[in-house]
Amino acid sequence: MTPVCPFVKASRPDDGSPKKCPFGFDSPSAATNSNTATNNNNNNKQQQEEQQQSPSPVVEAKCPFGYDSQTFKLGPLSCIICQALIFQCARCVPCSHAFCKGCISRFKDCPLCGADIEKIEEDEKIQSLVDRFIEGHARIKRTQEVDNNSEDNKEEAVAVSPKTKTVIYEDVSLERGAFLFQHAMRAFRAQNIESAKSRLSLCAEDIRDQLEKTGNSSELCSQLGAVLGMLGDCCRATGDAASAVSYFEESVEFLSKLPRNDLEITHTLSVSLNKIGDLKYYDGDLQAARSYYFRSLNVRRDAVKDNPNVSSLILDLAVSLAKVADVDRSLGNEDVAVNGFQEAIKLVEPLKLKSEEIGLEPRLVSVLEFLKSQLVEKQAEATL
């Protein structure tokens, strides 16, 4: 199992189709010239003919801004610096180009036109549009055939036809969670931490609401654990280690209550434990670091025991063995450390990747080189 973002599988629970625009537009982009408009009209006519011939009651709708759950394209509501949805919109003076406040604050010249930035001003109008867009992104517009001859609809039937098509809206917060998570990741990679935290916090709120409505599910629980972990990463990036540990511990506490038969939950849980261990390690609390590393190690041992042929799990286990061994060495338990490194090498060295696992090759090589270097380093010290 190659670890993936737990939001990869996020989809509409009814039919799994891509995210639809909350504004209900049919075309993938707004028409900007006459040729595009003509093509759209022709496409609309063709779609209408197909819909009349097709028995499907669902009318597809695509976002004119290009935002969807498959590609997450850069749209007109995005900041070109972090390529995520604008957060705390700031407009440059005098050129009037708009960016995230956190992004443009690092520039003296406008990255779009090169003009000198005399000052930046808040743009509440654009930010309000972005906020309303996010709020409505989970509202899916579609039509559904209603049988007016059914007992439930007889009293409301007003049309002569026994069947009518009625527009309905359905709240699918899981979809918005995936959307927000992707934009948070973009902002995080661009070091716009406040934007990432804002999107992740809203994402966590959405998932908690969904859990209350539908009950615990492996997918939702794994997603919430991942979001809490990312919030911890945001805090760690700003130097707020205490808040980072708090988020990671919340993630661990939540995921520890769930069955371990889901590999995504197992992976997210072990990663959160390791991140707490890292923070404790850098803080100089080696005993606490070893405790968290060892808990992660046990989670990964159980995962490999139940799935002995999954290469990514074996590599994860080897990494955990190395982390525990590294702390043991720092604590002066050299023999225990060497045993840990040797056990990890025995796991990784004979590993044969399947064709679908070829992407793991660089990681396998890197892990094996590190493990061997630790033993070579010890042997060199012994000869001196």
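Worth saying up front: this structure is predicted, and the values here are computed from it rather than measured. (Residues numbered from 1 in each chain as written. Predicted model: local features only at pLDDT ≥ 70, side-chain atom pairs only at ≥ 80, totals over all residues. Heavy atoms only, no water.)

**Describing the sheet that holds strand β3 (residues 119-122)**
Adjacent strands of a sheet pair through backbone hydrogen bonds, lying either parallel or antiparallel.
Logical step 1: Read from one edge to the other, the open sheet built from three strands follows the order β2-β1-β3, with strand pairing classed as antiparallel. The open sheet terminates on both sides in strands that have one partner only, identified here as β2 (98-100) and β3. For this sheet the average axis-to-axis angle between neighbouring strands, irrespective of direction, equals 40 degrees.
Logical step 2: With four bridges connecting them, strand β1 (residues 89-93) and β3 associate as antiparallel partners. Bridge assignment links A90 to a residue of β3, and that residue is E122. (Pairing = 2+ DSSP bridges. Helix = DSSP H or I, 4+ residues; strand = E, 2+ residues; numbered from the N terminus. Axes fitted to C-alpha atoms, helices over the stretch in contact; angles between N-to-C directions.)

**Quick look at the UniProt feature "domain: RING-type" (unreviewed entry) in the protein chain**
Logical step 1: The UniProt feature table records "domain: RING-type" (unreviewed entry) at residues 79-113.
Logical step 2: Secondary structure across residues 79-113 comprises 11% helix and 23% strand; the distance between its end C-alpha atoms is 14 Å. (UniProt positions renumbered as here; feature names shortened; annotations may be inferred.)

**Section: the packing of helix α7 (residues 241-256) against helix α8 (residues 263-282)**
Logical step 1: With their axes 9 Å apart at the nearest point, α7 and α8 run at an angle of 150 degrees to one another. By the angle between their axes, α7 is roughly antiparallel relative to α8. Our pair here, α7 against α8, has a crossing hand that is left-handed. Residues A241, A244, V245, F248, E249, S251, V252, L255 and S256 of α7 lie in contact with α8, whose contacting residues are I265, T268, L269, S272, L273, K275, I276 and L279. (Parallel < 35°, antiparallel > 145°, perpendicular 65-115°, else oblique. Left-handed = near helix turned anticlockwise from the far one by under 90°. Contact = heavy atoms within 4.5 Å.)

**A closer look at the nonpolar core**
Logical step 1: If you look at the biggest cluster of nonpolar residues, it comprises 54 residues, and the most contacted ones within it are C79, C82, L200, I207 and V227.
Logical step 2: Formed by 30 residues, the second largest nonpolar core is a distinct cluster that contains L297, I314, L317 and A325. (Core = buried A, V, L, I, M, F, W, Y, C linked by side-chain atoms within 4.5 Å. Buried < 20%, exposed > 50% of the residue type's maximum accessible area, 1.4 Å probe, protein only.)

**Re helix α9 (residues 286-306)**
Logical step 1: With 21 residues, α9 extends 30 Å between its outermost C-alpha atoms, agreeing within 8% with the 30 Å of an ideal straight helix rising 1.5 Å per residue.
Logical step 2: Of all the residues in α9, the buried ones are A288, A289, Y292, Y293, S296, L297, V299, R300, A303 and V304.
Logical step 3: Tucked into the core, α9 has its buried residues touching α7, α8 and α10 (311-330). (Expected span 1.5 Å × (residues − 1).)

**Digging into the pairing of β1**
Logical step 1: For β1, a buried count of four out of five residues is recorded, marking the element as mostly surrounded by other parts of the structure.
Logical step 2: Bridge count between β1 and β2: three bridges; the pairing is antiparallel. Paired with R91 across the two strands is A98, which belongs to β2.

**Notes on α8**
Logical step 1: Over its 20 residues, α8 runs 29 Å from end to end, which matches the ideal 28 Å to within 8%, given 1.5 Å per residue.
Logical step 2: Counting buried positions over the 20 residues of α8 gives 16, a clear majority of the element.
Logical step 3: Positive backbone phi, at 90 degrees, marks G284, one or two positions downstream of α8.

**Some points on the pattern of salt bridges**
Logical step 1: Across all of its chains, the model carries 11 salt bridges by this definition.
Logical step 2: As a salt-bridge pair, D278 and K323 come within 3.0 Å of each other at their nearest N and O atoms. Here D278 is found in helix α8, whereas its partner K323 is found in helix α10, with 45 residues between them in sequence.
Logical step 3: Given a relative accessible area of 14%, D278 falls into the buried group.
Logical step 4: Of the charged contacts, one joins R301 and E343 as a salt bridge, the two residues approaching to 2.9 Å between their closest N and O atoms. (Salt bridge = Lys/Arg side-chain N within 4 Å of Asp/Glu carboxyl O.)

**Side note on the state of the cysteines**
Logical step 1: Per the stated rule, a full pass over the model turns up zero disulfides.
Logical step 2: Note on C92: no disulfide assigned, nearest cysteine sulfur contributed by C95 at a separation of 4.5 Å.
Logical step 3: On the accessibility criterion, C92 (1% relative accessible area) is buried.
Logical step 4: Among the cysteines around C95, which has no disulfide bond, C110 carries the closest sulfur, lying 3.8 Å off. (Disulfide = S-S within 2.5 Å.)

**Notes on the environment of A344**
Logical step 1: Tracing the backbone shows A344 in helix α11 (residues 334-348).
Logical step 2: Between the C-alpha atom of A344 and that of L368, which follows or precedes it by 24 residues, the distance is 8.5 Å.
Logical step 3: The residues touching A344, leaving out its near neighbours within four places in the chain, are A318, L321 and L371.

**So, the packing of aromatic side chains**
Logical step 1: Taken as a whole and judged by the stated rule, the model has one aromatic pair.
Logical step 2: The interplanar angle of 80 degrees and the centroid separation of 6.0 Å between the aromatic rings of Y281 and Y282 together place this pair among those described as edge-to-face.
Logical step 3: Looking at Y281, the relative accessible area reads 24%, which means it is partly exposed.
Logical step 4: For Y282, a relative accessible area of 66% puts it in the exposed group. (Phe/Tyr/Trp six-rings, centres within 6.5 Å; stacked < 30°, edge-to-face > 60°.)

**Overview of the confidence of the model for the protein chain**
Logical step 1: Taken over all residues, the pLDDT of the protein chain has a mean of 77, while the share at 70 or more is 68%.
Logical step 2: In this model, residues 9-40 is a region of pLDDT below 50 whose contacts with residues beyond four sequence positions or in other chains number 70 contacts.
Logical step 3: Scored below 50 in pLDDT, residues 54-61 shows 18 contacts in the model against residues more than four places distant or in partner chains. (pLDDT = per-residue confidence, 0-100.)

**Some points on the packing of α9 against α10**
Logical step 1: Contact pair α9 / α10: the axes reach a minimum separation of 9 Å and the direction vectors enclose 155 degrees. One way to sum up the angle between α9 and α10 is to call them roughly antiparallel. Helix-helix and strand crossings are classified by hand; for α9 and α10 the assignment is left-handed. Contacts from L286, R290, Y293, F294, S296, L297, R300, R301, A303 and V304 in α9 reach L313, I314, D316, L317, V319, S320, L321, K323, V324, V327, D328 and S330 in α10.

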